[in-house]
Every structure is written in structure tokens, then in C-alpha cells.
There are 2 protein chains.
Amino acid sequence: VTDPLAALRAELGPRLAADPETLHRYGRDSSRAEPEGEAIAVVLAESAADVGAALGWAARTGTPVSVRGGGTGLAGGANAYPGGLVVSLDRMNRILEIDVENRLARVEPGVVTADLDAAAREHGLFYAPDPASAATSTIGGNIATNAGGLRCIAHGVTREAVAELEVVLPDGRVLETGRRTVKDVVGYDLTGLFVGSEGTLGVITAATVRLKPIPPGEPRTFRAGFDSLEAAGAAVIAIALGADRPEILELMDAFSVEMVESFFPSGLAVPRGAMLVGQAVGSDAQRIAEAIVERCVEAGATDSEISTTSSLLEARRLANPALTARGLRLSCDVGVPVAALATMLRGVEAIAARHGRRIATVAHAGDGNLHSAVEAGDSPVETAIAEEMLDEITRLALELGGTISGEHGIGSTKHHELPWQLSATSIDVHRRIKEALDPGGILSPGRAV
Amino acid sequence: VTDPLAALRAELGPRLAADPETLHRYGRDSSRAEPEGEAIAVVLAESAADVGAALGWAARTGTPVSVRGGGTGLAGGANAYPGGLVVSLDRMNRILEIDVENRLARVEPGVVTADLDAAAREHGLFYAPDPASAATSTIGGNIATNAGGLRCIAHGVTREAVAELEVVLPDGRVLETGRRTVKDVVGYDLTGLFVGSEGTLGVITAATVRLKPIPPGEPRTFRAGFDSLEAAGAAVIAIALGADRPEILELMDAFSVEMVESFFPSGLAVPRGAMLVGQAVGSDAQRIAEAIVERCVEAGATDSEISTTSSLLEARRLANPALTARGLRLSCDVGVPVAALATMLRGVEAIAARHGRRIATVAHAGDGNLHSAVEAGDSPVETAIAEEMLDEITRLALELGGTISGEHGIGSTKHHELPWQLSATSIDVHRRIKEALDPGGILSPGRAV
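Overview of the structure.

Bringing the overall build of chain A into the picture now. Each helix and strand in chain A was counted, giving 15 helices and 18 strands. Taking the principal axes of its C-alpha atoms as reference, chain A extends roughly 70 × 55 × 40 Å. Across the 449 residues that make up chain A, the buried fraction comes to 60%. Nonlocal contacts in chain A, meaning residues at least 24 apart in sequence, comprise 73% of its contacts between residues at least 6 apart. If you sum the accessible surface of chain A, you get close to 15800 Å²; carbon and sulfur atoms cover 52% of it. Distance between charge centroids for chain A: 2 Å, based on 40 positive and 59 negative side chains.

Here's what the structure looks like:
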């Protein structure tokens, strides 16, 4: 029997793995989507040349390729294809350069997000995008999914932090995109096109990202409780229209606060409606926090506080573990225009009531991105009911002018929802671009677009 | 003789013009590139349907189409093609909606940039991108060229202000891109792809743009004079790394200050090296301006001032008319990483000395975008020398990691420079995307990419 991997093994040597442990370890991401089968091999790439060799072999053999960074994705985008090739970038984890004067860093894709941030901070700078998985996610994965996080209201999403990319195209050629200048209008925005393309157009093998100066002074955190969702929503709009901007502005509904307090008791007051928590930074952080709390009170906050510690943000950070502990494992990632936040939350309550099950929602309130988790058991029937409820939440977000995914991406888990948001013309344009760059359809086929 | 325009005239009626005056009026933009000939007709579009009819006719007859907004472009991108069709969008000039709570405006493409800003200000909001031509340029043209301006250091370029687009594709289909949510990771960034595509992929017939709250308090302007380019460059880097950010940070070299003072005398001190001028906004504008001036002094500024009026920015605004009056008509639009600004300016001086001609440079210092204008006569020989000097400046910017165009675009005038910056692979990827969306090659053929 001939080894189907012989040609690739000859090129990659020990950087090609096909043992069961490696196949298992690199076979999936952190989503609830089970891979449909096992890959034939994993490329533990150490260079763009390795990636090029992998894609060249995949093109010649018609093998589907999935691309994997830290494996923290929540949409099944990095799951292995049956008989496919996994290209892992976790060994390409060097910070190649920190250019302090231009506030840029050049990194390999496997650099862990938090490691880049820590390295930048040694120079008085920081890396602004902060997905919740920053401690284990990689920059390459963050870029491929246009990752969000808590600080987007102040610093934007990952796309806005990317200046240059090195990408291996499906035909093995290496493409350089972007520029280190702040402004550049030469050609199409290929950098922006690859950001968020979820491994369907090319494999990112290096990136230049923008850093920011660390704000001076000590941050202030704040919290405000509201009797109604409408009052909390009005506060979010008032803050958005004000001159004093928070760096973080999060919302937790009553049920999610209740969950956190029940699993990690800290004396946190459970609001009747919802709670806003956030952070202000800069030399006048105290004044900004006071102005924001004042807007909350004007909108009807029943209690509020400001702190010099990060304790007020703890409840938000503990929401995911608390909800997971309670078995609220299915969640969505919809977004709505900020002014529709209260209407959306009220609609989610109605969906919960209609199905006789509770839903906990935490939201990046400042940017309208909601994660609603449904209380449901482990059985197939319960899962089906939860998925029906999440579908209803998704359709409601679309009715309100929103999106089916604010930051997690489409991957394989939301692929069936794509036509809910995009027109047939839009999907056709996506497919044309995909075909223009990947005519053989080897990269993440059937996912994302 | 049959009228070649008969079919199109039947669809458009009086919205199709072929009289000499209209052909002349809509035949070119504001660049120095003369159109190679006259169009066959101008479509004075009043709707997306008109644009669709025009593109459909052009596709059937193989007629090249140029697209025109306010005609303020500086790269020949809107110039007519000989025997081509001009699609003008200046009649589609309605502000369709201002959504205050979500800080968005929905506009037709022919809305004049300054008119949108004025309308937003009635609601306490403003439109941040501010190209110098804002009083006559249109939003559609701004989007098609990803226009820059003075405030990019604080608010980013036009791309960052665009949330949604309605685009008529070359085959006449209408594509909606983007979302009103702050975060959206569904599909490719088609919005960002069309922004800056210079009329090569589709015709923008509506846009939703992001607005910002007007900063409170009175702005402060500041000025600092430097004996050397290096000192001014060091000040720019120090400001970029500091926590106190200006809204505007412009540089004028000694020759450009001299020109302004000579044509519009106001007692402005001509620096030996260069002058920085800028603006700080917000409730602590005075403190920010003082901090920035302090950094200038630390970097070696020999004199400085802060003002509550906009007078210090006047010199920058008068630079273009002063240089034009002096006959410095040829200029470039290169950009370099901010830390390379002083090296770039020193190199421009060397190019001037080598050719025995003076060069005046004004720069959006905060983002590294330079406009250098060469002193040259009107003759073909003088023009050739000036163009040789501008080519040298462009190649120097590239050597320093810069770009051939920071904000004016490629159009037809810089098309030959494209391979200086982009690799063959990159140009091939551009062409593939162009062909995927415009297989007939009717939209702005041979321009931009």
C-alpha cells in the first residue's frame, strides 16, 4: 500500500503528524459542533513555506484543509474535515518585532493574544482587542475571525488593529497586504478582506498589528442597577451620545446576575431589570466614571457605585463559568443597533416565557452584541427546544436590523443561517470572491460563506 | 443613421444628456490628467434603477463607464472615457435619515460632505471625515476613494465611518453590504472592499455612515516652530506615544510657511526647519494642548503658542492657494510610517537640492501623509523635471516602508506606479477580484487596480 501522505511527509518531515493523539488534539475547536470525522494528518507548520507545501499538496490531491490557531473558536470553523488536512499555526508563535515609535508589532499567527499584549506593555503600549479567550487564543485566529471582546466600544474590533498581513494563498503563493502607514489607499482593502474571512481565502502566516499607548492613571470601574430593561437601555443610549466614553460597558440581565451570585456569592445586589458594569480609563477616569453613573441615574438607576478596583467587573467575568455550571450551555452571539437593545432584551424575555424556560443574557452593551444562553437539559429533546429558542432570538435580532453574529463568526455552526441575513446577491458575490482566490475550493470548504 | 443611445434614452428620458455643455461639465475631475476624449453621454442618475439601466446598457454595448460624484478627485478616476458613459450621482443628494440614537445617517451618494456634517450638527453629532474638498466633494466620492483629511489622526479615514452600502453591480443587480450594528462578522467585509475601490467594482447608490457626538467645550489650536526637521519629527513621535491626543496635527516645512506668509502676510514666523500646527478638542482641550506643546518644547521647539481661535490653522488652510499662486502645481500624496517623517522630509530636501528646484511640503504629520509640491514652470521640459522629482519622492517613501498614495487614490494618474508598491501576486489578486465582480470590465477599466 502506498502512503497517501508520502509526498507531503517528504517535504515536511516531523512537521507532519498523523498519530491518533495529535489528530485528536488538533481535531476540533471549542464550539459545540462535533467534527464530522477525523483528519488524515496535521501540519505543525513552522513557516510560510510549510503552509505553502501543505496547501500545494492539498490542491493536488483535492484534500479539504482546516486552519487552526489556539482552538478557541466557537463556530466550528477550525474543526477537522473527514480525511482532511489540519494546518496548525501554534508553533509559529514568535513576536518578530515591536516597533515602539510607530506603535506596531510584527507577529507570527500562533502568538497568544495575551502574550502580545504583555510584550507591548513592556514598552508602555498595549494591544487593544481583548476577546474573552485572550489567554489562549492566537492572533492569527483573532484576525481570521475578526475577534471582538469587551473593549470594542473604545478601541474597535480586531480588523481596526491590523495593518499588514502575510497570507499563503490556496495556490501556495505568498501575498503581502496592507502597509505600516496610518493611511494607504493603494488598491483594494485586501487586509480587511482577509480579516474575518475565517480561513476560506488564505492562511495568515504573519501580521503587523497596531498598538496603543497605555492610558495614564488608574482605571475606575462602575456599576448601576436598573428596575427595568428599558431604563438600562436608555442609559446605554445616553452614554453613547455623551462626550464621556467608557472603555467597557457591559449589561447583565437579572437572571445572569442571579446565576453569578448563586455560584460565586459576593453580596451582589440582583437588579429587578438589569445591571450595567463598565470601566473608564485615562487621567480623568474618575470624572468620566462619575459622568457615566450620572447618566445612569438620570435614566433611572436605582443604585450605583464606582470603584478603584476591578471587582465590579468580576461579576461579568464570572458569568460564563456560572452559566456553564448551571447547564446553560447553548448560547448565541447576535447583535443589534444600540438603540434596539432594550427591545431586544424584552423580546428575549418573551421567547423565554413562551417556551417556559429561562434565558440569561449578558451583552457588550456599548456595541449591542448579546450572548443569550438558554436553560435546557442534556437530552436531544431539550437541545432541540433550546436551539429553536436560539433561532427565535436570532430572527428577532435580524428583525431589529441586527446581525446573526457579532464576534464569534459563522464557521460551520451558523452556516445554515447565512441566508437569513445575506441576500442571494450578497451570497453570490461572496462565492465569486471565494472562487476567485480559491478556485479549487480546498480552504475551509462549506464554511463561513 | 440609428441613434446608438436610443435604447438607453428610452429608459432614462431627460436623465440622459449628450449635449456639449453637459459632456464638458461632467467630463473630468480636478486632477491634472486631461481626459483622453469625450464621453458619448452622461447619465444624470436619480435612483439606483437609473444606475442599473446605465450599467446594463454599458454591459450590452461594451461601453466603458466612469462614475462621478463632486468631481473633486485628484487622480483622474472620474475622467470620461472616449466614447464612454459618465454616470453622475450629483442629483442623488438627499439625506434619507439621521438616526440620532444609533449615531448613523443614511444618505444618497451625491450628498455634499459638508452638508451631511451640518445636518448631523443640528442633532449634536458630526461627520468626522473631513477631506479638504468637503465643501464640494460628495459622500459617494469620499467612500469610493476612502477619503482622508485633517482629522484622521483622531477619527480614522472614511472606511471607518461607513456601516452599510447599497451598490449597483456591473450586471445591474443591487447589493446591500454591512450592518447598522457596531460589530458584525457575517461574511466578508464587502463594505470595506467597496470603500476605496474607486468605481471599479460597483456604483454606490446609498450609504449608512457613522456619526460622532460633538466634543464639548471650545477647541484649542496650537503651533510650534522648530529649527530642524529632525526636532519636528521627534515631536510628532513623542505626541503619538503620549496619552494626550490632538484631533489635528499638521506639519509645514519652512518653504511652505514662507509661501503662505508671502502671499497672505499675517506676521507668521517662518521657522528654520518646520512648523507643527494642530487642534485639541474636548472639555480638557486646554490641558491637552498644553501637554502637546510641552512635548514640542522637550523635542526642541523654539517658539510655540496656544489659541482659542482657529487662526493658527489658517496658515495650513492657506497652503494650497499660496502654493498654487506660486505655480507649484504638481504635487504628490505619499505616506510614510510616522517615525520616518523626518528622514522623509530630509530626503525631499536632498531631491530638491539635487535638481536645483525648491519643494514645499505640507504633511498630515499625525498620520505620516505628505503632500510635496515642486516649483516648476509651465513648459513640457519643466513638467518633465517636476514629474521626475515627484517620482523620486514616491520611490523614497516606498524605501521607507511607505505608500504611493495616502488619500488621493490611484485613478489614472498613478496607475503606472501600482507595481512599485504592489507585488505581481497582489496585482493578480486585485485583478481576480475585479474580474469576479466585473467580468465584462466595463467599470473604470484600466484605473485604480
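Turning our attention to the relation of the copies chain B and chain A. The operation relating the pair of chain copies consists of a rotation about an axis and a translation along that axis. With an axial shift of 0.0 Å and an RMSD of 0.0 Å, the rotation relating chain B to chain A amounts to 180 degrees. Given the turn and translation reported, the copies of this chain are related as if by a two-fold rotation axis. In this assembly the copies share their binding face: 100% of the residues contributing to the interface of chain B also contribute to that of chain A.

This part is about the packing of aromatic side chains. In this structure the tally under the stated criterion is zero aromatic pairs over all chains. A cation sits over an aromatic face here: A:Arg447 above A:Tyr81, 3.9 Å from the ring centre.

So, on to the packing of helix H12 (residues 341-355) of chain B against helix H13 (residues 380-399) of chain B. All names here are of chain B. Running from N to C, H12 and H13 point in directions that differ by 155 degrees, and their axes come no closer than 10 Å. Comparing their axes, H13 and H12 come out roughly antiparallel. Helix-helix and strand crossings are classified by hand; for H12 and H13 the assignment is right-handed. The segment H12 lies against H13, with Met344, Gly347, Val348, Ile351, Ala352, Arg354 and His355 engaging Ile385, Glu388, Met389, Glu392, Ile393, Leu396 and Ala397. Residue classes in the contact of H12 with H13 are distributed as nine nonpolar, two polar and three charged.

Turning to the pattern of salt bridges, a few remarks are in order. Enumeration over the complete set of coordinates arrives at 67 salt bridges over all chains. The partner of A:Arg432 in a salt bridge is A:Asp428, and the shortest N-O contact between them spans 2.9 Å. A residue pair is termed a helical-turn pair when its members lie 3 or 4 positions apart in one helix, as A:Arg432 and A:Asp428 do in helix H15 (residues 424-437) at four residues. By relative accessible area, which is 28% here, A:Arg432 ends up partly exposed. Among the salt bridges present, the one from B:Glu250 reaches B:Arg316, with a minimum N-O distance of 2.6 Å.

Below, the discussion takes up the interface of chain B and chain A. Interface size, as often reported, equals the accessible area lost upon joining of the parts. The partner chain A presents 82 residues to the 82 residues of chain B that form the contact. Taken together, both faces of the contact between chain B and chain A bury some 6400 Å²; the carbon and sulfur share is 61%. Looking only at chain B, the three residues that lose the most surface to chain A are B:Lys183, B:Val185 and B:Tyr188, adding up to 15% of its buried area. B:Asp189 is the partner of A:Arg159 in a salt bridge, and the nearest nitrogen-oxygen pair spans 3.3 Å. Inspection of the chain B/chain A interface yields 30 residue pairs in polar contact (both at pLDDT 80 or more). Where the side of chain B that touches chain A is concerned, the elements lending two or more residues are strand E9 (174-178), helix H7 (190-194), helix H8 (229-241), helix H14 (418-421) and helix H15 (424-437) of chain B. If one sorts the elements of the side of chain B that touches chain A by residue count, H15(B) sits on top with 10 residues. Tallied by class, the residues present in the side of chain B that touches chain A amount to 35 nonpolar, 27 polar and 20 charged.

A few words now on empty space enclosed by the protein. Counted under the stated rule, the structure contains one cavity of 30 Å³ or more. One number sums up the size of the largest cavity: a volume of about 30 Å³. Taken together, A:Leu169, A:Asp171, A:Arg173, A:Ala436, A:Leu437, B:Val429 and B:Arg432 make up the lining of the largest cavity. Elements with a minimum of two residues in the lining of the largest cavity: H15 of chain A together with H15 of chain B. Residues that form the lining of the largest cavity fall into these classes: four nonpolar, no polar and three charged.

All names here are of chain A. A full pass over the atoms with the stated rule returns zero disulfides over all chains. The cysteine Cys332 is free of any disulfide, with Cys152 supplying the nearest cysteine sulfur at 17 Å. A relative accessible area of 7% places Cys332 in the buried class.

All names here are of chain A. Taking 1.5 Å per residue as the helical rise, helix H11 (residues 311-325) with its 15 residues ought to reach 21 Å, and the 21 Å between its terminal C-alpha atoms agrees with that figure. All buried positions along H11 are accounted for by Leu312, Leu313, Ala315, Arg316, Ala319, Ala322 and Leu323. Directly after H11, the chain includes Gly327, whose backbone phi takes a positive value near 90 degrees.

All names here are of chain B. Interaxial distance between H8 and H12 falls to 8 Å at its minimum, and their mutual angle equals 155 degrees. Taken together, the axes of H8 and H12 lie roughly antiparallel to each other. Like other packed secondary-structure pairs, H8 and H12 cross with a definite hand, here right-handed. In contact with Leu229, Glu230, Gly233 and Val236 of H8, H12 contributes Leu341, Ala342, Leu345, Arg346 and Glu349. Grouping the amino acids of the contact of H8 with H12 by side-chain chemistry returns five nonpolar, one polar and three charged.

Residue and element names in this part refer to chain A. Of note, Ser30 is situated in the loop between helix H2 (20-25) and strand E2 (41-44). Given a relative accessible area of 42%, Ser30 falls into the partly exposed group. As for Ser30 and Leu74, which are separated by 44 residues in sequence, their C-alpha atoms are 5.4 Å apart. Residues contacting Ser30, with those up to four places away along its chain left out, are Gly71, Thr72, Gly73 and Leu74.

Thresholds applied
Every chain is numbered independently, its residues counted from 1 as its sequence is written. Ligands are numbered from 1 and chains lettered from A, in the order in which they are written. Only residues with pLDDT of at least 70 get local features here, since the model is predicted, and only at 80 or more are side-chain atom pairs given and counted; chain-wide, interface and lining totals rely on the full set of residues. Here the side-chain values reflect all heavy atoms present in the structure, with hydrogen atoms and water set aside. Counting from the N terminus, the helices are the DSSP runs of H or I reaching at least four residues and the strands are the DSSP runs of E reaching at least two. When accessible area is computed with a 1.4 Å probe and restricted to protein chains, residues below 20% of their type maximum are described as buried, those above 50% as exposed, and intermediate ones as partly exposed. Contacts are assigned to residue pairs that have any heavy atoms within 4.5 Å of one another. Exposure was quantified through the Shrake-Rupley algorithm and a 1.4 Å probe, taking into account, for residues, occlusion by the shown protein chains and nothing else. In this tally, Lys and Arg are treated as positive and Asp and Glu as negative; His is ignored, and so are the chain termini. Here the site of a charge means NZ on Lys, CZ on Arg, CG on Asp, or CD on Glu. When the copies are overlaid, the least-squares fit takes in C-alpha atoms only where the residue has pLDDT of at least 70 in both copies. Pairing of aromatic rings covers Phe, Tyr and Trp, the last through its six-membered ring, and needs centres within 6.5 Å; plane angles under 30 degrees mean stacked, over 60 mean edge-to-face, and all others mean tilted. Each ring is checked for a lysine NZ or an arginine CZ that lies within 6 Å of its centre and within 35 degrees of its normal; such an atom marks a charge sitting over the ring. Angles shown run from 0 to 180 degrees and are taken between the N-to-C directions of axes, each axis being a line fitted to C-alpha atoms and, for helices, limited to the stretch in contact. Should an angle fall under 35 degrees it is called roughly parallel, over 145 degrees roughly antiparallel, and 65 to 115 degrees roughly perpendicular, with every other angle called oblique. It is the rotation of the near helix from the far one that decides the hand of a crossing: anticlockwise by less than a right angle makes it left-handed, clockwise makes it right-handed. Ten residue types, Ala, Val, Leu, Ile, Met, Phe, Trp, Tyr, Cys and Pro, are classed as nonpolar, four, Asp, Glu, Lys and Arg, as charged, and the remainder, Gly among them, as polar. The salt bridge definition used is simple: a Lys or Arg side-chain nitrogen within 4 Å of an Asp or Glu carboxyl oxygen. A 1.4 Å probe defines the accessible area here, and the buried area is the portion of it lost by two parts on being joined, summed over both. Throughout this description, a polar contact denotes any pair of N or O atoms lying within 3.5 Å of each other; where both atoms belong to protein, one of them has to be capable of donating a hydrogen while the other can accept it, and for residues adjacent in sequence the pair is counted only when both atoms sit in side chains. A 1.4 Å probe that fits but cannot get out identifies a cavity on a 1 Å grid over protein atoms alone, an open set with protein on both sides within 12 Å along at least five of seven lines counts as a pocket, and a residue lines either if it has an atom within 4 Å of a point. Grid points are joined across faces, edges and corners, and a volume is the space filled by probe spheres set on the points. The criterion for a disulfide is a pair of cysteine sulfur atoms lying within 2.5 Å. Multiplying 1.5 Å by the residue count of a helix minus one yields the expected span of that helix.

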